[in-house]
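Secondary and tertiary structure notes
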Amino acid sequence: MTIIPVLLAGGSGTRLWPTSRRSYPKQFSPLTGPESLFQASARRMSGPDFAPPMVLTGDPFRFIVTEQLAALEIQAQAIVIEPEGRNTAPAVLAAALLAAKTDPEALLLVAPSDHKIADAERFRQTVTAALPAAEAGRLVTFGITPDRPETGYGYLELAPDADAGAGEVQPLARFVEKPDLERAEAMLASGNFLWNAGIFLFRADAILSAFKAHAPDLIPTVTEAVEKAERDLAFTRLAPEPWSRVTDISIDFAIMEKSDRLSVMPYGGNWSDLGGWDAVWAEGGPDAAGNVTSEHATAIDCTDTLLRSDSERVELVGIGLDDIIAVATQDAVLVGRKSQAQRVKEAVAALKAKKAHQATDFPRDYRPWGWFESLVISGRFQVKRIVVHPGAALSLQSHHHRAEHWIVVQGTARVTIGEEVVLVTENQSVYIPLGEKHRLENPGKFDMVLIEVQTGAYLGEDDIIRYEDVYARK
């Protein structure tokens, strides 16, 4: 029997601001390598023993999910759009209901898409070792062998007769909430505790039975949202109205801490939830001085420091720093002590309070056809760089308040203006009058890049009237 990976990809990842923001959270960023965490998760849960994945995500990320999976040549069996975040229990229940329509005994491997697991083969072997228990109807949770007294993770206490180093599932005594340092040190010393990875393996009918026993109130609303779901291109949109009435609760609180059908599978390999910049520093492989630097960062006489620039236009230099995190993007800079990395959420809250758009919005805006970023913004004009992927097209649209001037700097654009269609090649330009219907397409085989100059009294992204859109955006 093959395993259906269920990737949870709807979180916001505010502890890794400014690289991770609500509009482009950490799972889609290449934090520790060339692939994003989401891509690494999808690749890790692929192969002969795995079916195509089911992905649960939010509406703003649906085309990012599609594009990043396409780059891996992985076709999802379903991309399920949650109308709003309702935590992990409703998401898992929706996935189980969808899978059970085809096969009530389908095996589901539920995992966050923002974790770092370096040894993919070892992880797959651990999943295989847990299969007999899951096939027998057990709810299997995966526990990570701890290597330090971590206070940022929840723990799993094994039963007295269990073996934390065993290569097969073990009996579980209870879940333990995030401890203080003294308690974490005691649990590490006992050797009878594992970190709670938030990864689960079970049959669809087994988890549905668990919901009936321990969280029956979730079933009517989630079932209604699934039954009234609509197909939208390649996506499955859960019905918004019943979903808005779903209780916000985690799978741990709703099911796992109550079930008597739970077992734990120990995993002794490297694992991190990358829950803060200190974790990114640790996973980055500090050098002899304890420093981690990105391509556009330089450390001079620094120790135990993370220097990261995510923009090729920003060179970040640290001199004489110790225990410091410095992260620069195109529009924001974070500087703080590595030992206080968990306080980044406070910074995001402070920026939200002062209505700074950097709190939530990424400078690069990803769309189904590509992306754009603002280079210059003034009162009555704006300059953007726009990248359109091969074969992609913007909607047929018009604007009430602005005119646009497009200059192609790479590739060829097919431009519709009113009833006229023209090809615009590199170093050529075209003018779009205010109020005129227009469309931009890339007929080539490589990314097309243009510079857009907007002029007008209002330059907001909501000044768009769409007439035709291949991506079915409302």
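Residues numbered from 1 in each chain as written. Predicted model: local features only at pLDDT ≥ 70, side-chain atom pairs only at ≥ 80, totals over all residues. Heavy atoms only, no water.

Let us look at the domain arrangement of the protein. Frequently, the measure chosen for interface size is the accessible area that the parts lose on association. Assigned domains of the protein: these are domain 1 (4–272), domain 2 (277–354) and domain 3 (364–468). Taking the mean C-alpha position of each, domain 2 and domain 3 sit 35 Å from one another. (Domains from an automatic or database assignment.)

A word on the sheet that holds strand 20 (residues 381–388). Reading across from one edge, 18-19-20-27-22-25 is the order of the 6 strands in this open sheet, with antiparallel pairing throughout. A strand with exactly one partner marks an edge of an open sheet, and here the two such strands are strand 18 (364–367) and strand 25 (429–432). Between one strand and the next, the sheet's axes are offset by a mean angle of 20°, whatever the strand orientation. Pairing analysis gives 4 bridges linking strand 22 (residues 402–410) to strand 25, with the strands arranged antiparallel. (Pairing = 2+ DSSP bridges. Helix = DSSP H or I, 4+ residues; strand = E, 2+ residues; numbered from the N terminus. Axes fitted to C-alpha atoms, helices over the stretch in contact; angles between N-to-C directions.)

Another aspect to go through is the pairing of strand 26 (residues 438–441). Burial of strand 26 is two-sided: the residues His438 and Leu440 facing one way and the residues Arg439 and Glu441 facing the other way are all buried. The sheet contact formed by strand 23 (residues 413–417) and strand 26 spans 4 bridges and is antiparallel. Within strand 26, the residue paired with Thr416 across the bridge is Arg439. (Buried < 20%, exposed > 50% of the residue type's maximum accessible area, 1.4 Å probe, protein only.)

On to the environment of Asp361, then. Topologically, Asp361 is positioned in the loop between helix 11 (344–353) and strand 18. For Asp361, a relative accessible area of 34% puts it in the partly exposed group. It is 6.5 Å that separates the C-alpha atoms of Asp361 and Arg22, two residues lying 339 residues apart in sequence. In this structure Asp361 touches Arg21, Arg22, Ser23 and Asp331, once residues within four positions along its chain are discounted. Engagement of the side chain of Asp361 in a polar contact is seen with the side chain of Thr360, the distance being 3.4 Å. (Contact = heavy atoms within 4.5 Å. Polar contact = N/O pair within 3.5 Å; in protein donor to acceptor, adjacent residues only side chain to side chain.)

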